[in-house]
Number of protein chains: 2
Amino acid sequence: MRLSQKKIMAVLRQYGYRLTPQRRAIIKTVVLSQDHVTPAAIYDKLHQGQPNIGLVTIYRTLEILTRLGLICQVHAGGGHSYTISASGHHHHLICSGCGLVVDFAGQNLAGLEQRLSRETGFKIEDHLLEFVGLCQDCQRDGV
Amino acid sequence: MRLSQKKIMAVLRQYGYRLTPQRRAIIKTVVLSQDHVTPAAIYDKLHQGQPNIGLVTIYRTLEILTRLGLICQVHAGGGHSYTISASGHHHHLICSGCGLVVDFAGQNLAGLEQRLSRETGFKIEDHLLEFVGLCQDCQRDGV
DNA sequence: TTATAAATGAAAATATTTTTCATTTAATAT
DNA sequence: ATATTAAATGAAAAATATTTTCATTTATAA
């Protein structure tokens, strides 16, 4: 289940952030995008429109949304970090050909986490699990 | 088991790369480093010494070593990607306080990989599993 | 409406990575 | 040993990415 635009805006408000037209537009873009988007891609898509949005605002908004857990970053694949909207605990399957990101869940890492905690003394706060491969389309197209 | 300096150099030679003093110095730095190192950190450590090493050479060498699987990148934690030497298939446990990287193995993701492949049609090539938390020292120091 | 703290965006600063190309050099052949 | 040559280096510039600063605008609440 992906977060809706409405839900994201509600959470923003809940935390005392203002709902500016810029933020609405950025959220809309991230939510409507099927795969992950870079700050630059959002900028390209939005900065001609109304309102005119600066790249700085995009960085700032993505930072807030990430901090609130409303969007998350994709690390593998290109190597750089991209963002994608999603909700609940899940992981990413990333196409190295076209950048498509598929969310998946159902992998319970609690056991492993406990083992690691026990063996290393770490207090584990977070984890990152991503698979990289070729989606069906890219396999067919021989990317 | 971490790769030794000698082993890394042998593999480099095996693939037809030349063993320059610069490459030796870079490999030594990465191997001796307990945690992950950034290109900039390697540069700071080496560019005063003999031989004088340029940042470009560091980027190029790290790229080769990564491609040959002799070192690998760390994605989570700071957000940027860092490199660390290691061998064999393993994953990372990263301290968000001090950057310490602990390797761990023994997590077999083949079953999950198969499931995802079946469900999505992806041809999976690689994966990334990282845990982030606080190491014992940083817990104590209240970082 | 008005007041005001938050948000914006242009510009500059900072940081990161890649490209170019003349020069140097490691490894091979002699 | 020495010469040869393709590979490697590094300075500089270019390209890319991100953050900071600060004057101006604006969403929200009083």
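It should be noted that the structure appears before, not after, this text.
Small disclaimer: the values here were computed from a predicted structure and weren't measured. (Residues numbered from 1 in each chain as written. Chains lettered and ligands numbered in written order. Predicted model: local features only at pLDDT ≥ 70, side-chain atom pairs only at ≥ 80, totals over all residues. Heavy atoms only, no water.)

**Quick look at the nonpolar core**
In step 1: Core analysis: the largest hydrophobic core is formed by 26 residues, its most contacted members being Leu129 and Phe131 of chain A together with Leu129 and Phe131 of chain B.
In step 2: Contributing elements (two or more residues each) for this core: strand S3 (91–95), helix H5 (110–120) and strand S5 (123–134) of chain A together with strand S3 (91–95), helix H5 (110–120) and strand S5 (123–134) of chain B. (Core = buried A, V, L, I, M, F, W, Y, C linked by side-chain atoms within 4.5 Å. Buried < 20%, exposed > 50% of the residue type's maximum accessible area, 1.4 Å probe, protein only. Helix = DSSP H or I, 4+ residues; strand = E, 2+ residues; numbered from the N terminus.)

**Some details on the interface of chain B and chain A**
Often, the extent of an interface is quoted as the loss of accessible area upon association of its parts.
In step 1: Listed per partner, the contact involves 36 residues of chain B and 36 residues of chain A.
In step 2: Looking at the side of chain B facing chain A, the largest losses of area belong to Phe122, Leu128 and Phe131 of chain B, adding up to 22% of the total buried there.
In step 3: Linking chain B with chain A are 0 salt bridges, by the criterion used here.
In step 4: Here chain B and chain A share 10 residue pairs in polar contact (both at pLDDT 80 or more) between them.
In step 5: Of all the elements in the fold, those that place two or more residues in the side of chain B that touches chain A are S3, strand S4 (101–104), H5, S5 and helix H6 (136–141) of chain B. (Contact = heavy atoms within 4.5 Å. Buried area = accessible area lost by both parts, 1.4 Å probe. Salt bridge = Lys/Arg side-chain N within 4 Å of Asp/Glu carboxyl O. Polar contact = N/O pair within 3.5 Å; in protein donor to acceptor, adjacent residues only side chain to side chain.)

**Considerations on the relation of the copies chain B and chain A**
In step 1: When chain B is fitted to chain A, the best match, at an RMSD of 0.2 Å, comes from turning it 179 degrees and sliding it 0.0 Å along the axis. A rotation of that kind, with that shift, is consistent with a two-fold axis. Scanning chain B for the C-alpha nearest the rotation axis identifies Leu129 of chain B, at a separation of 2.2 Å.
In step 2: Both copies share a contact surface, since 100% of the interface residues of chain B are interface residues in chain A too. (Least-squares fit on C-alpha atoms with pLDDT ≥ 70 in both.)

**Looking at the sheet that holds S5 of chain B**
In step 1: Spatial strand order, S4(A)-S3(A)-S5(A)-S5(B)-S3(B)-S4(B): 6 strands in an open sheet with mixed pairing. Only two strands of the sheet have a single partner each, and these edge strands are strand S4 (101–104) of chain A together with S4 of chain B. Averaged over all neighbouring strand pairs, the angle between strand axes comes to 25 degrees, with direction disregarded.
In step 2: Note: S5 of chain A against S5 of chain B, 11 bridges, orientation antiparallel. When the bridges of S5 of chain B are listed, Gly133 of chain A appears paired with Ile124 of chain B. (Pairing = 2+ DSSP bridges. Axes fitted to C-alpha atoms, helices over the stretch in contact; angles between N-to-C directions.)

**With respect to the protein's contact with DNA strand C**
In step 1: Taken together, 19 residues surround DNA strand C, and among them Thr20, Asn52, Thr57 and Arg60 of chain A together with Tyr59 of chain B come closest.
In step 2: Among the atoms of DNA strand C close to the protein, meaning within 4 Å, 63% are from sugar or phosphate groups.
In step 3: Contact between DNA strand C and Arg18 of chain A: a base nitrogen at 3.2 Å from a side-chain N or O atom of the residue.
In step 4: Note that a phosphate oxygen of DNA strand C is positioned 2.6 Å from one of the side-chain N or O atoms of Thr57 of chain A.
In step 5: Contributing elements (two or more residues each) for the surface near DNA strand C: helix H2 (21–32) and helix H4 (55–67) of chain A together with helix H4 (55–67) of chain B. (Near = heavy atom within 4 Å.)

**Quick look at the protein's contact with DNA strand D**
In step 1: In the vicinity of DNA strand D lie 19 residues, with Tyr59 of chain A together with Thr20, Asn52, Thr57 and Arg60 of chain B positioned nearest.
In step 2: Of all DNA strand D atoms lying within 4 Å of any protein atom, the proportion belonging to sugar or phosphate reaches 63%.
In step 3: Contact between DNA strand D and Gly54 of chain B: a phosphate oxygen at 3.1 Å from a main-chain N or O atom of the residue.
In step 4: The contact in question runs from a phosphate oxygen of DNA strand D to an N or O atom on the side chain of Thr57 of chain B, over 2.6 Å.
In step 5: Contributing elements (two or more residues each) for the surface near DNA strand D: H4 of chain A together with helix H2 (21–32) and H4 of chain B.
In step 6: With 4 residues, the single largest contributor to the surface near DNA strand D is H4 of chain A.
In step 7: Counted by class, the surface near DNA strand D contains 8 nonpolar, 5 polar and 6 charged residues. (Nonpolar A, V, L, I, M, F, W, Y, C, P; charged D, E, K, R; others polar.)

**Some thoughts on the pattern of salt bridges**
In step 1: Enumeration over the complete set of coordinates arrives at 7 salt bridges over all chains.
In step 2: A salt bridge links Asp137 of chain A to Arg140 of chain A; its shortest N-O distance comes to 2.7 Å. With Asp137 of chain A and Arg140 of chain A both in helix H6 (residues 136–141), this residue pair falls 3 residues apart, about one helical turn.
In step 3: The exposed category is assigned to Arg140 of chain A, whose relative accessible area is 60%.
In step 4: A salt bridge links Arg140 of chain B to Asp141 of chain B; the shortest N-O distance between them is 3.1 Å.
In step 5: One network of salt bridges, in which partners are shared, links Asp137, Arg140 and Asp141 of chain B.

**What to know about helix H1 (residues 5–14) of chain B**
For an α-helix the count is 3.6 residues per turn, leaving residues at separations of three or four pointing the same way.
Residues and elements named next belong to chain B.
In step 1: Buried residues of H1: Ile8, Met9, Val11 and Leu12, and no others. Projected down its long axis, H1 carries its buried residues within an arc of 160 degrees, all on one side. In H1, the exposed positions angled more than 90 degrees off the buried face are occupied by Lys6 and Gln14.
In step 2: Positioned one or two residues after H1, Gly16 has a phi angle of 90 degrees, which is positive. (Arc of directions from axis to C-beta.)

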